[in-house]
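# Coordinate analysis (summary)
Listed below, chain by chain, are the residues.
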Amino acid sequence: MKKFTFERFARATDAATAVAARPAAMFLAGGTTLVDLMKIDVLTPDTVVDVRPLRLSRIDVSDNAITVGAAITNSQLAWHPVVRDRFPVLSEAILSGATTQIRNMATVGGNILQRTRCPYFRDVHASCNRRQPGSGCDALDGFNRGHAVLGVSEHCIATHPSDMCVAMAVLDADVHTVRADGTTRSIPFGDFHLAPGDTPHIEVALDHGELITHIVISNLPAACCSHYLKVRDRASYEFALASAAVVLDLDGDTIRAARLGLGGIATKPWRATEAEQSLTGRKASDATFRDAAEIALAGAVGREHNHFKIELVKRAIVRAFANAREAKV
Ligand SMILES: Cc1cc2nc3c(=O)[nH]c(=O)nc-3n(C[C@H](O)[C@H](O)[C@H](O)COP(=O)(O)OP(=O)(O)OC[C@H]3O[C@@H](n4cnc5c(N)ncnc54)[C@H](O)[C@@H]3O)c2cc1C
């Protein structure tokens, strides 16, 4: 591992200033992504600034929203009684990820900013436009079984790996940040992660040195009937091949409104808004859910080894909505 300086500050703006001042500086939270990637030379920061002393470890609950500090661990968020009660999709998504030990270390801010598990991104000898702009993409014609079918470009097909982010996308969370100069802003979750397009190395809508301070999730009464379904190669300690986060608002057996997020199959946490709209006013039957799944995957582009994901995620969508419907009955 390349040598680096480790720094701690008490104030968020001091931490942001320290990172903003050096192009090769990075924030460190639980380290479950960053330290892994430093060990294999994919990330080589010269300075690492710890976010954990910054007092970003609170969950505040009001009647209208919950506010989650960026340094709250994945376990703390998933097991919080209000989250389990108001937003089961979020709790289920987090608990489907990684292992208890990793969830105890991993933070919410770090989860949002975790990097792709694409093996070519993680191999410094491979070509990867995301890691090294302009170097090419070995995944396009390589072993792309785990790769994305939505939001892809001719420069990158890396899958966004987070489960939690799919639930945050479906709940329309807002990511709050602070910059070195003390200015703050709120970024809607759907605008936070960027599809690769021509610039796969630009993954999120953050400036260098901009610190995530907290996430706000506004109340959504229908979210008490929400669900996360994850399909993977083994039942634990495995990333999604396909996943669906759903919210179902029913009036009898008619769909008043629905929300649909997809994971494991897209280059960013994916929101299938056209499919959501198609569900409004229809009977909550498996046939209706299948129609929505077809709409959600209409633009999917499969490659040699990942074509199976298109049918797999359609079935996951139908099952996730059916599970949510049954929970409501
Ligand atoms: C073996 C293994 C299995 C896993 N399985 C899953 C899985 O099934 N599903 C899933 O969703 N995830 C999975 N993960 C990923 C895991 O959830 C992430 O590694 C974790 O959430 C990252 O959080 P962290 O606090 O450790 O981040 P770190 O590693 O500390 O940081 C990650 C990135 O976020 C940046 N960062 C951290 N905090 C802030 C902040 N407040 N503001 C700005 N930047 C910040 C860092 O600079 C770094 O770039 C797995 C990880 C491992 C190692």
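Above: the structure in question.
To keep things clear, this report deals only with the structure shown in the data block. (Residues numbered from 1 in each chain as written. Predicted model: local features only at pLDDT ≥ 70, side-chain atom pairs only at ≥ 80, totals over all residues. Heavy atoms only, no water.)

## Quick word on the overall build of the protein
For clarity, the cut-off: Secondary structure counts use DSSP, requiring at least four H or I residues in a row for a helix and at least two E residues in a row for a strand, with both numbered from the N terminus. Restricting the calculation to C-alpha atoms gives the radius of gyration, and the globule rule supplies 2.2 Å times the number of residues raised to the power 0.38. Summary of the burial criterion: residues with accessible area below 20% of their type's maximum are buried, those above 50% are exposed, and those between are partly exposed, where the area comes from a 1.4 Å probe applied to protein chains only. Here, two residues are considered to be in contact whenever any of their heavy atoms come within 4.5 Å of each other.
When its secondary structure is counted, the protein shows 12 helices and 12 strands. Relative to the compact-globule value of 20 Å for 329 residues, the protein shows a C-alpha radius of gyration of 19 Å, a close match. Across its three principal directions, the C-alpha atoms of the protein cover 60 × 50 × 35 Å. Here the protein, with 329 residues, has 53% of them falling under the buried criterion. For the protein, restricting intrachain contacts to residue pairs at least 6 apart in sequence, the fraction spanning at least 24 positions comes to 64%.

## Things to note about the site of the ligand
Applied cut-off: Distances are taken per atom, and a residue is near a molecule or strand as soon as one of its heavy atoms is within 4 Å of it. Under the rule applied, a polar contact is a pair of N or O atoms within 3.5 Å (in protein, one hydrogen donor and one hydrogen acceptor; residues adjacent in sequence only if both atoms are side-chain atoms). In this description, accessible areas are obtained by the Shrake-Rupley approach with a 1.4 Å probe, and a residue is regarded as covered only by the protein chains that are shown. Three classes are used: nonpolar for Ala, Val, Leu, Ile, Met, Phe, Trp, Tyr, Cys and Pro, charged for Asp, Glu, Lys and Arg, and polar for all others, with Gly counted as polar.
Neighbouring residues of the ligand: 32 residues in total, closest Phe27, Thr32, Thr33, Thr107 and Asp163. Measuring from an oxygen atom of the ligand, one finds a backbone N or O atom of Gly30 at 2.8 Å. Side-chain polar atom of Lys230 to an oxygen atom of the ligand: 3.0 Å apart, as the coordinates give it. Coverage of the ligand by the protein chains reaches 94% of its 980 Å² of free accessible surface. Only β2 (25-28), α2 (34-39), α7 (108-112) and β8 (211-218) provide two or more residues apiece to the shell around the ligand. Residues that form the shell around the ligand fall into these classes: 15 nonpolar, 12 polar and 5 charged.

## Some points on unusual backbone geometry
Outside of glycine, negative phi angles account for most residues, and trans bonds account for most peptide bonds. Positioned with a positive phi, Asp41 is a non-glycine residue whose angle comes to about 65°. Tracing the backbone shows Asp41 in the loop between α2 and β3 (47-50). With relative accessibility at 43%, the residue Asp41 sits in the partly exposed group. The residue Ala98 is not glycine, and still its phi comes out positive at about 55°. Tracing the sequence through the fold places Ala98 in the loop between α5 (88-95) and α6 (100-105).

## Looking at the sheet that holds strand β1 (residues 5-8)
Worth spelling out the cut-off: Strands are treated as partners if at least two bridges between them are detected by DSSP. The convention used is that axes are lines fitted to C-alpha atoms, helices contributing only their stretch in contact, and that angles between N-to-C directions extend from 0 to 180 degrees.
A sheet is described by the order of its strands in space; here 3 strands give the open sequence β1-β3-β2, paired in parallel fashion. Two strands in the sheet have a free side with no partner beyond their single neighbour: β1 and β2. Between one strand axis and the next, the sheet turns through 30° on average, direction left out of account. Alignment of β2 against β3, held across 4 bridges, turns out to be parallel. Looking at β3, one finds that Leu28 is bridged to Asp50. Lying over the sheet, helix α1 (residues 12-20) contacts β1, β2 and β3, oriented at roughly 145° with respect to β2.

## Overview of α1
Inspection of α1 places Ala12, Thr13, Ala15, Ala16, Ala18 and Val19 among the buried residues, and these make up the whole buried set. Looking at the buried residues of α1, the elements they touch are β1, β2, β3, β6 (174-178) and β8.

## A few points about the environment of Glu7
With respect to the helices and strands, the residue Glu7 is situated in strand β1. Separated by 40 residues in the primary sequence, Glu7 and Thr47 have C-alpha atoms spaced 7.3 Å apart. Once residues within four sequence positions are removed from consideration, Glu7 is found in contact with Ala18, Arg22, Thr47, Val48, Val49 and Asp50. Engagement of the side chain of Glu7 in a polar contact is seen with the side chain of Arg22, the distance being 3.5 Å.

## Description of the side chain of Asn74
Mapped onto the elements, Asn74 comes out in helix α3 (residues 74-79). For Asn74, the contacting residues outside a window of four places in its chain are Ile94, Arg103, Ala106, Thr107, Val108 and Asn111.

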